[in-house]
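Close look at the chain arrangement
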Amino acid sequence: MSRIAPKPGTYPVPEPDLRDGIVSHTLRRVSDSPLDHAVQEARDALIARQDSSGYWLFELEADCTIPAEYIMMMHFLDEIDAALEAKLCRYLRAAQDQHGGWPLYHGGDFNISCSVKAYYALKLAGDDVGAPHMVRARAAILAHGGAASVNVFTRIALALFGQLPWRGVPYIPVEIMLLPRWFAFHVDKVAYWSRTVMVPLFILCTRKPVAKNPRKVHIRELFTTAPEKERDYFRRKGFVAKLFLAADRLGRLIDPLIPASIREKATRRAEAWMLDRLNGEDGLGAIFPAMVNALEAMVILGYAADDPRRVTAKRALEKLLVVGPSSAYCQPCVSPIWDTALASLAMQEADDAAASEASTRALDWLQARQLLDEPADWQVKRPGLPGGGWAFQFANSYYPDLDDTAVVVWAMHQARDSARYSGSVRRALDWLVGMQSKNGGFAAFDADNTSYYLNAIPFADHGALLDPPTSDVTARVVTVLARIGRPQDRPALERAIDYLRRQQEADGSWFGRWGTNYIYGTWSVLMAFAQVHSGSADPAVARAVEWLKRKQNPDGGWGESNDTYAHGLGASGHFPSTAYQSAWALLGLLASGEVRSDAVHRGAEFLMRTQQADGLWSDPSFTAPGFPRVFYLRYHGYSAYFPLWALSVYRTLTRRGRSN
């Protein structure tokens, strides 16, 4: 059983040691003041980006499927903003890679689904198929099997435009809404992002509308076999997958026999479910794919163009746009709660009057956005549990998430005037503990969302239908449970620690579900273990520390590619150092008592050396998966607050060692 410190701190206090070598060199660096200068510049730059109401919001960029789908949506509805379309197309053209297609993240391999959508969007907008960039894209797509090889979501989009037959997409009738919860499939058994995307899709795939497509643009040239003759749209292997495919074929056979009254009842239930969660101008699920499907479903259901609900749904999509002077892209969602909580933690570590004031304004803003008694989907599994979480976006009341909630609680408990947030912290901790899954871990949005057999259904070729517990989210919850140390939370804390021990990889690292990748997962768990263990004396911590040291680059930084999601720890190639991943590694090492190590010193030097003139850092790499191997994100804020956080902790610990 794991030992829990009664009053844990985040970072071990270094013993005084002023011998020549690494330690004294580190202390000289502090007194020379480049570190002070770096922290102050980063702090000032971050404060300058804080909104007057208290929150931080940085851009959240995804791959080119999102701007491509925005163009496709405009042509589906025949509501084309020509100026916006031209800017979106410039963004798409600029993102085309040397391999001729489009990757899922900066520097990634060719992706067939992203490339087909980008090509189609450009052609819809009027790009000549004979233009060099279109010729290159078409050749790359055909070389990778053509448009029939795309994933399910892309095939549904193409079916809506009449580019492939509906037999090329899974059978997902709206009558699914009438299935009981005990049935093998039910919307409550899949992740929040899956259900919000699927419910409006049930309507679309049942009604089978055809996009208005005013210019009648097709992409038959992207198929190696004519789409109506293609017989191999479903290529999944395994007994369970074949069983679901057989059920899929049976469903298509009996579909004409479904009474119209049953279909109408199911449609109205899906419509009501969608409208209940429409979420104002923040949109269904506050995520782009669900929001697009909701708008298109409303159009198909006959909502007039001036219907307030349809107007609001479209406005929610428009608010995701990032429009520049010459190009534009669409975000998959926005991240104000996450950005604000993490930036607040960085400010607290900077630990001066200006930083403290900025953090307090942020926490006051966050406190007002706690979700307490609102209806929510997590209540299906935990019907008697009072609310207390935070969402990821400005508003998403049906879907608070545990990761954001834990980070907000961390910042509130660590605040100078923590008493002002005590009620919020108590409600949040009660909710977090109540959301623990049976295996001891914590997931992002739900408890026990682990019906793994559902990943074999034809709709789930992306492998991200579920929301099971993960090491990084569990580590964040462990961090706050241990920091605050309520006696009633001890059983949940012990089970969570045991879960983390079981999840450690053989090489000492932890997988990162919501950040790239093993560096993120390892940092997350080391921060948690710092609350409950004595550092390197713990074998799990020692193995993780050694792994981080082995992964340090010659320039002193750390880097890791999203390639590791497809190829694991064996992903080949050199991963250039990034500021945000270097900050994660530094924070993990510092939390494990490594303040005197050469690895920590060189990591801090890397961050100071790569700081920009504006006080921040930047990197084009994508920082996190939305869904591993399928969808990736670039949090622009990660290069702003994580390096500041790491350098501030480094400064505090080295000075603390000097003063002892």
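Residues numbered from 1 in each chain as written. Predicted model: local features only at pLDDT ≥ 70, side-chain atom pairs only at ≥ 80, totals over all residues. Heavy atoms only, no water.

It is the contact of helix H8 (residues 192–207) with helix H10 (residues 260–276), at a shortest axis distance of 10 Å, that shows an interaxial angle of 145°. At the point where H8 passes H10, the crossing takes the left-handed sense. Facing Arg-195, Thr-196, Val-199, Pro-200, Ile-203, Thr-206 and Arg-207 of H8, the residues of H10 in contact are Arg-263, Thr-267, Arg-268, Ala-270, Glu-271, Trp-273 and Met-274. Its residues assigned to classes, the contact of H8 with H10 shows six nonpolar, three polar and five charged. (Axes fitted to C-alpha atoms, helices over the stretch in contact; angles between N-to-C directions. Helix = DSSP H or I, 4+ residues; strand = E, 2+ residues; numbered from the N terminus. Left-handed = near helix turned anticlockwise from the far one by under 90°. Contact = heavy atoms within 4.5 Å. Nonpolar A, V, L, I, M, F, W, Y, C, P; charged D, E, K, R; others polar.)

What follows covers empty space enclosed by the protein. Scanning the model with the defined rule gives four cavities of 30 Å³ or more in all. Forming the boundary of the second largest cavity are Leu-371, Leu-372, Asp-373, Glu-374, Ala-376, Trp-378, Gln-379, Gly-387, Gly-388, Gly-389, Ser-397 and Pro-400. (1 Å grid on protein atoms, 1.4 Å probe; cavity = no way out; pocket = protein on both sides within 12 Å on 5 of 7 lines; lining within 4 Å. Points joined across faces, edges and corners; volume = space filled by probe spheres on them.)

Time to look at the packing of helix H17 (residues 471–484) against helix H18 (residues 490–503). At their nearest, the axes of H17 and H18 sit 10 Å apart, and the two run at 145° to each other. Here H17 and H18 pass one another in a crossing that is left-handed. Contacts from Ser-471, Thr-474, Ala-475, Val-478, Leu-481 and Ala-482 in H17 reach Leu-493, Ala-496, Ile-497, Tyr-499, Leu-500 and Gln-503 in H18. The residue inventory of the contact of H17 with H18, partitioned by class, reads nine nonpolar, three polar and no charged.

Inspection of the entire model under this criterion finds 38 salt bridges. For Arg-315, the salt bridge goes to Glu-281, with nearest N and O atoms at 3.9 Å. Note that Arg-315 is positioned in helix H12 (residues 308–318) and Glu-281 in the loop between H10 and helix H11 (288–300), a separation of 34 residues in sequence. Overall, the relative accessible area of 36% leaves Arg-315 in the partly exposed class. Residue Glu-281 is classed as partly exposed on the basis of its relative accessible area, which comes to 37%. The salt bridge partner of Asp-307 is Arg-309, with a shortest N-O separation of 3.0 Å. (Salt bridge = Lys/Arg side-chain N within 4 Å of Asp/Glu carboxyl O. Buried < 20%, exposed > 50% of the residue type's maximum accessible area, 1.4 Å probe, protein only.)

Unusually for a residue other than glycine, Ala-286 sits at a positive phi of about 55°. Residue classification places Ala-286 among the buried positions, given a relative accessible area of 4%. Its identity is not glycine, yet Arg-629 carries a phi of approximately 75°, on the positive side. Position of Arg-629 among the secondary structure elements: in the loop between strand S4 (624–627) and strand S5 (631–635).

Among the five residues that make up S5, five are buried, leaving the element largely enclosed by the rest of the structure. Across the two faces of S5 the burial is the same, with Phe-631, Leu-633 and Tyr-635 and Tyr-632 and Arg-634 all buried. Two strands pair when backbone bridges link them, and strand S1 (residues 60–62) and S5 are joined in this way by three bridges, in the antiparallel orientation. Across the sheet, the residue bridging to Leu-60 is Tyr-635, located in S5. As paired strands, S4 and S5 are joined by three bridges and run antiparallel to one another. Across the sheet, Phe-627 pairs through a bridge with Phe-631, a residue of S5. Hairpin connection of S4 to S5: three residues between the antiparallel strands, including Arg-629 at a positive phi of 75°. (Pairing = 2+ DSSP bridges.)

Here the focus is the side chain of Gln-436. Secondary-structure assignment places Gln-436 in the loop between helix H16 (422–434) and H17. Of note is the side chain of Gln-436, whose polar atom sits 2.8 Å from the backbone oxygen of Gly-440. Leave out the neighbours within four places in its chain, and Gln-436 touches Arg-382, Gly-441, Phe-442, Ala-447, Ala-492, Arg-495 and Ala-496. (Polar contact = N/O pair within 3.5 Å; in protein donor to acceptor, adjacent residues only side chain to side chain.)

Here three strands make up an open sheet; going across it, the order is S1-S5-S4 and the pairing antiparallel. The sheet terminates laterally at S1 and S4, the two strands that pair on one side only. In this sheet, adjacent strand axes meet at a mean angle of 35° when their direction is disregarded.

For helix H15 (residues 402–414), built from 13 residues, the straight-helix expectation of 18 Å at 1.5 Å per residue is met to within 8% by its first-to-last C-alpha distance of 18 Å. Most of H15 sits inside the fold, with eleven of its 13 residues counted as buried. Every buried residue belonging to H15 is among Leu-402, Asp-403, Asp-404, Thr-405, Ala-406, Val-407, Val-408, Val-409, Trp-410, Ala-411 and Met-412, and all of these are buried. With a side-chain oxygen positioned 3.1 Å from the backbone nitrogen of Asp-403, the residue opening H15 is Asp-401. (Expected span 1.5 Å × (residues − 1).)

For helix H20 (residues 539–550), built from twelve residues, the straight-helix expectation of 16 Å at 1.5 Å per residue is met to within 8% by its first-to-last C-alpha distance of 17 Å. Every buried residue of H20 is accounted for by Ala-540, Val-541, Ala-544, Val-545, Trp-547 and Leu-548. In a view along the axis of H20, the buried residues occupy a sector of 160°, so they form one face of it. Relative to its buried face, H20 has exposed residues pointing more than 90 degrees away, namely Pro-539 and Arg-550. Those residues of H20 hidden inside the fold are in contact with H18, helix H19 (518–532) and helix H22 (579–591). (Arc of directions from axis to C-beta.)

Okay, a nonpolar patch on the surface next. Among the surface-exposed residues, Leu-250, Leu-253, Ile-254 and Leu-257 lie close enough to one another that they form a single nonpolar patch of about 450 Å² accessible area. Its location among the elements puts Ile-254 in helix H9 (residues 239–254). (Patch = residues over 30% accessible without salt bridge, like charges linked within 9 Å, V, L, I, M, F, W, Y side chains within 5 Å. Areas by Shrake-Rupley, 256 points an atom, 1.4 Å probe, with all protein chains shown as cover.)

The next point concerns the confidence of the model for the chain. Of all residues in the chain, 92% attain a pLDDT of 70 or more, and the chain-wide mean is 92. Below a pLDDT of 50 lies the segment residues 1–9, which in the model reaches 23 contacts outside its immediate sequence neighbourhood of four places, other chains included. (pLDDT = per-residue confidence, 0-100.)

Applying the stated rule across the entire model yields 38 aromatic pairs. Residues Tyr-55 and Trp-365 carry aromatic rings whose centres are separated by 5.1 Å and whose planes lie at 45° to one another, so their mutual orientation is tilted. One end of the pair, Tyr-55, is in the loop between helix H2 (34–48) and S1; the other, Trp-365, is in helix H14 (residues 353–367), with 310 residues separating them in the sequence. Pair check on accessibility: Tyr-55 and Trp-365 agree, each one buried. Where Tyr-55 meets Phe-394, the ring centres are 5.1 Å apart and the plane angle is 85°; that geometry is what we call edge-to-face. Note that Tyr-55 is positioned in the loop between H2 and S1 and Phe-394 in the loop between H14 and H15, a separation of 339 residues in sequence. Look at Tyr-55 and you get buried, because its relative accessible area is 18%. Three or more aromatic residues link up through ring pairs in this structure, and these residues are Phe-58, Phe-392, Trp-410, Tyr-520, Trp-523, Tyr-580, Trp-584, Tyr-635, Tyr-638, Tyr-641, Phe-642 and Trp-645. Sitting above the plane of the Trp-166 ring, Lys-208 keeps its charged end 5.7 Å from the centroid. (Phe/Tyr/Trp six-rings, centres within 6.5 Å; stacked < 30°, edge-to-face > 60°. Lys NZ or Arg CZ within 6 Å of the ring centre and 35° of its normal.)

Here we take up the state of the cysteines. Counting across every chain of the model gives zero disulfides. Free of any disulfide, Cys-89 has its nearest cysteine sulfur in Cys-64, 11 Å distant. Here Cys-114 stays unpaired: no disulfide links it, and the sulfur of Cys-64, its closest cysteine neighbor, is 5.3 Å away. (Disulfide = S-S within 2.5 Å.)

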